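Examining the three-dimensional arrangement
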Amino acid sequence: MRRQLIWLLLIISAPYLVVGCAGVDYVSVAHSGLKVAGKAVEASRPISDPEEYYVGRAVAARILSTYPLYQDTQLTLYVNEVGQTVARKSSRPNPYRGYHFAVLDTTEVNAFACPGGIIFVTRGLIKTCANEDELAAVLAHEVGHVANKDGINSISKARWTEVLTTMGTEAAKQFAGPAGSLVTLFEGSIDDVFKTIVVSGYSRSAEAAADQDAVNTLSRAGYDPGAMAALLTKMAAGDKGSGGIFKTHPPTSERLAKVKAQGAEGPPSKEMATRTKRFQSQKL
Amino acid sequence: MFRKEDMASFPEVSAIQTGLGKEAVVRRPAFVRKPALWLMVLGLAAWLLGPAPGWGETLKVTQSNQSLYPSADFAGTPIGPVPMGAEVSVVEKAGEWYKVEYQGKTGWLPRQAFPAPQTGSKFPLGGILFGGPVKETKSDEVALAGKGFTPEVESVYRQKHPEMQFAQVDRVEANRVDEAQMQAFIKEGGLRP
């Protein structure tokens, strides 16, 4: 029994004996090893929801330095009510700080989904909509981009790898300063996202996925899923490929064909008249 | 060396008389002599060092905008909101969803509502053996804590780019719809809550 007790004590104290024999430096070596292991894990992680949120805020700030906010409180509230109705039926109803919708004061027909959940729709696009269900289709499409993380995924892989490397590099801390390096990379990331959502647009597959998500979301929320096809039909008629949403999106006829193939047309509900009435009461 | 007369007090030890007149003692391993005791010890160690079970534990909601759902699906009508900081009792874990009890209601919350689950043991053996975690400096925290783009980074960016309309963004983020107002809006439009 005494021998067993001795062995037990030996096993428990072995690490201390090893460390004690070799000196205290081994402790820091062990800790460094753990830190390096932690950084290795860090180097492979995707962008977190809070990081996506901060990139999204900066992208929104840049969009708002180009387009002014439409100041109508009533319309902003209404757009938020419609937006929240579809957002809670999307595949990502709860991003880090929730969804927020706003109207841009421009006649350009366009909408932007910033990473993290800030969504802009222009006055021009709202005017293109005939009713609340079509506005819901626009917002559900943009929510789809947020849910699918299309915006944040447009940050180049090379840049994100550099962000992670900077975060894990002791040299950056000592010489350049982590904040300085990260801010430069933050700027670059905002450029990547801004160029994608405002200048070049998402890929055709991302647009098709967002259209499909929008139809499903409309259906789950109780809106007419056919509103997506109705809106695209209207946009296809005016599709001159000149600018705004026509510049950053695939040809509307192509999108319309895919949505129609989804079989997303249904009879209007009896409350549609109520919804159309409250849409038409908004000042544009 | 054991003497023959000592053997009486150690029944678990058997002595072999060798041809050279010397005695060799053969000790049976402890786990052979008392298997039940050792199984108990091993079981206790596994319980202490094994991963924490999910059932019956209380978790704090760490994300805002959370709602309790009747099934593990966002398409359902939420039972009610669960504010950030609320403590819920976990009934069941199923993939990306946790079935929980909150204020007498049972429903499902997405896994993202909670901090990342701990896969380690209940007791920090590493901490016990090697001491507590390393205390990092504040710059280390910024650089290494897995928070690459932080409010601090945004703050420096804002100083560099005063033309960016962050004040307007704050205004947009202030756009909120009261839950009662949302319910009235949904009901009036014949929509699904």
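Keep in mind it's a predicted model, so treat the numbers as computed, not measured. (Residues numbered from 1 in each chain as written. Chains lettered and ligands numbered in written order. Predicted model: local features only at pLDDT ≥ 70, side-chain atom pairs only at ≥ 80, totals over all residues. Heavy atoms only, no water.)

**As for the pattern of salt bridges**
Overall, the coordinates contain 18 salt bridges over all chains when judged by the stated rule. Salt-bridge contacts for Arg 92 of chain A lead to Asp 49 of chain A; the nearest nitrogen and oxygen are separated by 3.4 Å. Taken together, the residues Arg 92 of chain A in the loop between helix H4 (73-87) and strand S1 (100-104) and Asp 49 of chain A in helix H3 (residues 49-64) connect sequence positions 43 residues apart. Overall, the relative accessible area of 11% leaves Arg 92 of chain A in the buried class. The partly exposed category is assigned to Asp 49 of chain A, whose relative accessible area is 24%. Among the ionic pairs, Arg 159 of chain A bridges to Asp 192 of chain A, the shortest N-O distance being 2.8 Å. Placement of the pair is Arg 159 of chain A in helix H7 (residues 157-168) and Asp 192 of chain A in helix H9 (residues 178-200), with a sequence separation of 33 residues. Relative accessible area serves as the criterion here: at 23%, Arg 159 of chain A is assigned to the partly exposed category. Residue classification places Asp 192 of chain A among the buried residues on the basis of a relative accessible area of 14%. Salt bridges here are not isolated pairs; linked through shared partners, they connect Arg 57 of chain A together with Glu 154, Arg 158, Asp 170 and Glu 173 of chain B. (Salt bridge = Lys/Arg side-chain N within 4 Å of Asp/Glu carboxyl O. Helix = DSSP H or I, 4+ residues; strand = E, 2+ residues; numbered from the N terminus. Buried < 20%, exposed > 50% of the residue type's maximum accessible area, 1.4 Å probe, protein only.)

**Here we look at the sheet that holds strand S3 (residues 118-122) of chain A**
The strand order across the open sheet built from three strands is S1-S3-S2 (chain A), with neighbouring strands paired in mixed fashion. The open sheet has two edge strands with one neighbour each: S1 and strand S2 (111-113) of chain A. Geometrically, the sheet is characterised by an average inter-axis angle of 15° between neighbouring strands, direction not taken into account. Where S1 of chain A meets S3 of chain A, five bridges bridge the pair, whose relative direction is parallel. What sits directly across from Phe 101 of chain A, in S3 of chain A, is Ile 119 of chain A. Its contacts with the sheet put H4 of chain A on S1 and S3 of chain A, and the angle it makes with S1 of chain A is roughly 135°. The sheet contacts of helix H6 (residues 166-173) of chain B involve S1 and S3 of chain A, and relative to S3 of chain A the element is tilted by about 95°. (Pairing = 2+ DSSP bridges. Axes fitted to C-alpha atoms, helices over the stretch in contact; angles between N-to-C directions. Contact = heavy atoms within 4.5 Å.)

**A word on H6 of chain B**
Every buried residue of H6 of chain B is accounted for by Phe 166, Val 169, Val 172 and Glu 173 of chain B. One face of H6 of chain B carries all of its buried residues, which in axial projection span an arc of 105°. Of the surrounding elements, those touching the buried residues of H6 of chain B are H3, S1 and S3 of chain A together with helix H5 (151-160) of chain B. (Arc of directions from axis to C-beta.)

**Side note on a nonpolar patch on the surface**
Together, Leu 37, Trp 38 and Val 41 of chain B make up a nonpolar patch on the protein surface, roughly 260 Å² of accessible area in all. Its place among the elements puts Trp 38 of chain B in helix H2 (residues 35-49). (Patch = residues over 30% accessible without salt bridge, like charges linked within 9 Å, V, L, I, M, F, W, Y side chains within 5 Å. Areas by Shrake-Rupley, 256 points an atom, 1.4 Å probe, with all protein chains shown as cover.)

**With respect to the nonpolar core**
Counting 44 residues, the largest nonpolar core has Val 79, Leu 135, Leu 139 and Tyr 223 of chain A as the members making the most contacts within it. Ranked by residue count, the leading element in this core is helix H6 (residues 132-147) of chain A, at eight residues. Beyond its immediate stretch of four places on either side in the chain, Tyr 223 of chain A contacts Val 82, Thr 85, Val 86, Glu 132, Asp 133, Ala 136, Leu 218 and Arg 275 of chain A together with Phe 185 and Leu 191 of chain B. Val 55, Val 59, Leu 185 and Phe 194 of chain A belong to the second largest nonpolar core, which has 43 residues in total. (Core = buried A, V, L, I, M, F, W, Y, C linked by side-chain atoms within 4.5 Å.)

**Let's talk about the packing of helix H10 (residues 204-221) of chain A against helix H13 (residues 252-261) of chain A**
All names here are of chain A. Closest axis-to-axis distance for the H10/H13 pair is 10 Å, and the angle between their directions is 45°. One element, H10, and the other, H13, form an angle in the oblique class. Where H10 crosses over H13, the handedness of that crossing is right-handed. Contact with H10, carried on its side by Arg 204, Glu 207, Ala 208, Asp 211 and Val 215, involves Glu 254, Arg 255, Lys 258 and Val 259 of H13 and no other residues of that element. Split by residue class, the contact of H10 with H13 holds three nonpolar, no polar and six charged. (Parallel < 35°, antiparallel > 145°, perpendicular 65-115°, else oblique. Left-handed = near helix turned anticlockwise from the far one by under 90°. Nonpolar A, V, L, I, M, F, W, Y, C, P; charged D, E, K, R; others polar.)

**Observations regarding the sheet that holds strand S3 (residues 58-60) of chain B**
Residues and elements named next belong to chain B. Across the sheet, four strands lie side by side as S3-S6-S7-S8; this open sheet has antiparallel pairing. Looking at strand neighbours, the two that pair on one side only are S3 and strand S8 (105-110), the edges of this open sheet. Here the average twist between neighbouring strands, direction ignored, is 45°. Where strand S6 (residues 87-94) and strand S7 (residues 97-102) come together, five bridges link them in antiparallel fashion. Across the sheet, residue Lys 93 finds its bridge partner in S7, namely Tyr 98.

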